[in-house]
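# Reading the structure
Spelled out from the first residue to the last, the chains are:
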Amino acid sequence: DSSLNYLYQRGLFNGVVLLAENGKVVYQKALGNKGADSNGPVDTRSSFNLASLSKQFTAMMVLMLKEEGKLHFDDPVQTHLPLFPYPGISIRNLLTHTSGLPYESPEMVARLAARTPLAALTDEAFTAPLRFRPGTRFSYSDYAFLIAARMAETATGDPFPELVRRLVLEPMGLRDTFLLPDAAAQARIARVRDVQAEGT
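Residues numbered from 1 in each chain as written. Predicted model: local features only at pLDDT ≥ 70, side-chain atom pairs only at ≥ 80, totals over all residues. Heavy atoms only, no water.

Time to look at the packing of helix 2 (residues 54–67) against helix 8 (residues 160–169). Contact geometry for helix 2 and helix 8: axes closest at 9 Å, N-to-C directions at 75 degrees. As far as their axial angle goes, helix 8 and helix 2 are roughly perpendicular. Facing Phe-57, Thr-58, Met-60, Met-61, Met-64 and Leu-65 of helix 2, the residues of helix 8 in contact are Phe-160, Leu-163, Val-164, Leu-167, Val-168 and Leu-169. Among the residues making up the contact of helix 2 with helix 8, the classes are represented as 11 nonpolar, 1 polar and no charged. (Axes fitted to C-alpha atoms, helices over the stretch in contact; angles between N-to-C directions. Helix = DSSP H or I, 4+ residues; strand = E, 2+ residues; numbered from the N terminus. Parallel < 35°, antiparallel > 145°, perpendicular 65-115°, else oblique. Contact = heavy atoms within 4.5 Å. Nonpolar A, V, L, I, M, F, W, Y, C, P; charged D, E, K, R; others polar.)

Looking at chain direction, strand 1 (residues 15–21) and strand 2 (residues 24–31) are connected through 7 bridges and run antiparallel. Bridge pairing in strand 2 places Leu-18 opposite Gln-28. Two successive antiparallel strands, strand 1 and strand 2, enclose a turn made up of 2 residues, where Asn-22 displays a positive phi of approximately 55 degrees. (Pairing = 2+ DSSP bridges.)

Every α-helical turn comprises 3.6 residues, leaving residues that sit three or four positions apart pointing alike. Of the positions making up helix 6 (residues 118–126), those classed as buried are Leu-118, Leu-121, Thr-122, Glu-124, Ala-125 and Phe-126. Lining the buried residues of helix 6 we find helix 5 (108–113), helix 7 (142–156) and helix 8. (Buried < 20%, exposed > 50% of the residue type's maximum accessible area, 1.4 Å probe, protein only.)

This part is about the packing of aromatic side chains. Throughout the structure, instances matching the rule amount to 3 aromatic pairs. Arranged with centres 5.4 Å apart and planes meeting at 75 degrees, the rings of Phe-84 and Phe-126 form a pair that is edge-to-face. With a gap of 42 residues between them, Phe-84 in the loop between helix 3 (77–80) and helix 4 (91–95) and Phe-126 in helix 6 connect regions that are remote in the sequence. Here Phe-84 matches Phe-126 in class, with each residue buried. Through a chain of ring-to-ring contacts, three or more aromatic side chains come together here, namely Phe-84, Tyr-86 and Phe-126. (Phe/Tyr/Trp six-rings, centres within 6.5 Å; stacked < 30°, edge-to-face > 60°.)

The next thing to look at is a nonpolar patch on the surface. Nonpolar side chains collect at one region of the surface, where Tyr-6, Leu-7 and Leu-12 lie side by side and expose about 310 Å² of accessible area between them. Note on placement: Tyr-6 falls in helix 1 (residues 2–9). (Patch = residues over 30% accessible without salt bridge, like charges linked within 9 Å, V, L, I, M, F, W, Y side chains within 5 Å. Areas by Shrake-Rupley, 256 points an atom, 1.4 Å probe, with all protein chains shown as cover. Salt bridge = Lys/Arg side-chain N within 4 Å of Asp/Glu carboxyl O.)

Now the structure itself:
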């Protein structure tokens with residue numbers, strides 16, 4: 001408690017700490033505010049944006065679709081998205097950040113603020129020039145995972161949030177994790193102050 005309070009008083013902590021042992025919660029504490037304005041205090045039921053951790057859910061969803069035979073690691077992107085302009089990029093390249101695609105849109109802050117749909121973000125990725133020949137280097141890419149998500153939608157006919165819910169979140173028992181939170185969950189979300197997450 002004293003260490004957590006020390007960090008909080010110096011502006012170095014704002015959130016929730018939970019420790020569990022053998023599946024039993026042994027300590028939990030919330031300190032701070034949900035947002036910069038009047039969004040209320042953080043409590044132990046508050047939810048937080050996961051940001052790029054969602055890539056783990058996307059990768060797991062693709063793995064599950066591979067198990068179902070609907071996607072394969074060496075599938076070229078063009079197999080599922082015929083308008084994709086670059087041959088030779090596979091799902092494996094997308095998931096391992098070796099596709100050559102750039103990191104993200106130069107307008108990403110505006111895209112997030114506008115809640116731009118996945119399809120529009122993916123279409124924008126189609127116009128992004130490659131940074132290097134696929135498979136020759138590693139370079140972290142949001143675009144790559146957007147395209148992997150769109151391929152999953154095309155292969156199954158299901159929306160990306162529904163695929164993640166059905167194939168990843170529900171089987172793992174993650175009942176308070178959402179890609180599209182409902183109204184009740186929205187009320188518990190802490191507003192994160194960050195250049196890109198501001199206001200989300």
